[in-house]
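Each chain is listed here by its residues.
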Amino acid sequence: MDEWLYVFIGALLAFGLVWMRQTLWGFSAQKPQDYEDDNPTFDMREHLNGPILCEGVIYGPLGRVSSRFVADFDASWEGNKGVMKEHFVYDDGTVQDRVWYLTLGNDGQIKAEAPDVVGAGAGRQSGSSVLLRYNIRLPEASGGHVLNTVDWMYLTPNGTIMNRSQFRKFGIKVAELVATMRPKEA
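Here is what the cut-offs are and how they apply
Residues numbered from 1 in each chain as written. Predicted model: local features only at pLDDT ≥ 70, side-chain atom pairs only at ≥ 80, totals over all residues. Heavy atoms only, no water. Helix = DSSP H or I, 4+ residues; strand = E, 2+ residues; numbered from the N terminus. Buried < 20%, exposed > 50% of the residue type's maximum accessible area, 1.4 Å probe, protein only. Contact = heavy atoms within 4.5 Å. Areas by Shrake-Rupley, 256 points an atom, 1.4 Å probe, with all protein chains shown as cover. Lys, Arg positive; Asp, Glu negative; His and termini not counted. Charge placed at Lys NZ, Arg CZ, Asp CG, Glu CD. Pairing = 2+ DSSP bridges. Axes fitted to C-alpha atoms, helices over the stretch in contact; angles between N-to-C directions. Patch = residues over 30% accessible without salt bridge, like charges linked within 9 Å, V, L, I, M, F, W, Y side chains within 5 Å. Salt bridge = Lys/Arg side-chain N within 4 Å of Asp/Glu carboxyl O.

Undergrad: Please clarify how the overall build of the chain should be interpreted in this entry.
TA: Looking only at helices and strands, one finds two helices and ten strands in the chain. The order of helices and strands in the chain, counted from the N terminus, is α-α-β-β-β-β-β-β-β-β-β-β. Put simply, the chain has 186 residues, and 39% of those count as buried. In the chain, 36% of the contacts between residues at least 6 apart in sequence involve partners at least 24 apart. If you sum the accessible surface of the chain, you get close to 11300 Å²; carbon and sulfur atoms cover 58% of it. Distance from the positive charge centre (18 side chains) to the negative charge centre (23 side chains) of the chain: 3 Å.

Now the structure itself:
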């Protein structure tokens, strides 16, 4: 009987350490306040506006590249309401079109909606960063799963936006995206 107790305590301790690492020190532990004093200041209405070129990779659950893509975005704003149209072309020839409907509060809070987002996403722009959290439904060809997404964008001094997103199912990371976004050359 004592052996099972030790196994249970060991498993509980291991689970607790993994949970602490993810919530206190990992990617998901970042907070908008961590970047509030950073420069340059990321204003979505300015930096996610007009034609944008996006290039990126998607990593699978084992950390290997599973897909690469190039995308053309077109974003426009009327006051604090924005629409960003996205056209992705993946390395296997697959094409995907998406549209984001964004609302920016005067306090930096963000509401983000898209047809493949379950409910509404929420986030905040702070200093040189933007955080969005949302649940995305994958296309049926990819299983139709709903994944919990943490999406961080960081503005670099030259105006390029670095985007890192993690996708989780039942708390387990199943994919990660890393991309750059910059104004498209005329």
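Undergrad: Sorry, what's going on with the sheet that holds strand β8 (residues 146-155) here?
TA: Picture the strands of a sheet paired through backbone hydrogen bonds; they go either parallel or antiparallel. Spatially, the ten strands close up into a barrel ordered β1-β2-β3-β4-β5-β6-β7-β8-β9-β10, and their pairing is antiparallel. Taken over all neighbouring pairs, the strand axes of this sheet differ in orientation by 25° on average, direction set aside.

Undergrad: Would you explain a negative patch on the surface in this entry?
TA: Taken together, the side chains of Asp34, Glu36, Asp37 and Asp38 present a region of like negative charge at the surface. With respect to the element layout, Asp34 can be found in the loop between α1 (2-25) and α2 (44-47). Asp34 gets classed as partly exposed once you look at its relative accessible area, which sits at 43%.

Undergrad: So what exactly am I meant to see when it comes to the environment of Tyr154 here?
TA: Structurally, Tyr154 is set in strand β8. Tyr154 sits 149 residues away from Leu5 along the chain, and the two C-alpha atoms are 46 Å apart. Apart from the residues lying within four places of it in its own chain, the contact partners of Tyr154 are Phe27, Gln30, Tyr35, Phe42, Ser128, Ser129, Thr160, Ile161 and Met162.

Undergrad: How should the environment of His145 be read in this particular structure?
TA: Tracing the sequence through the fold places His145 in the loop between β7 (129-137) and β8. Since its relative accessible area comes to 41%, His145 is described here as partly exposed. Linking His145 and Asn135, residues ten residues apart in sequence, is a C-alpha distance of 9.9 Å. Non-local contacts of His145, meaning those with residues more than four positions away in its chain, are made with Ile136, Arg137, Leu138 and Lys169.

Undergrad: Is there a simple way to explain the environment of Asn39 in this structure?
TA: Along the chain, Asn39 turns up in the loop between α1 and α2. Asn39 gets classed as exposed once you look at its relative accessible area, which sits at 64%.

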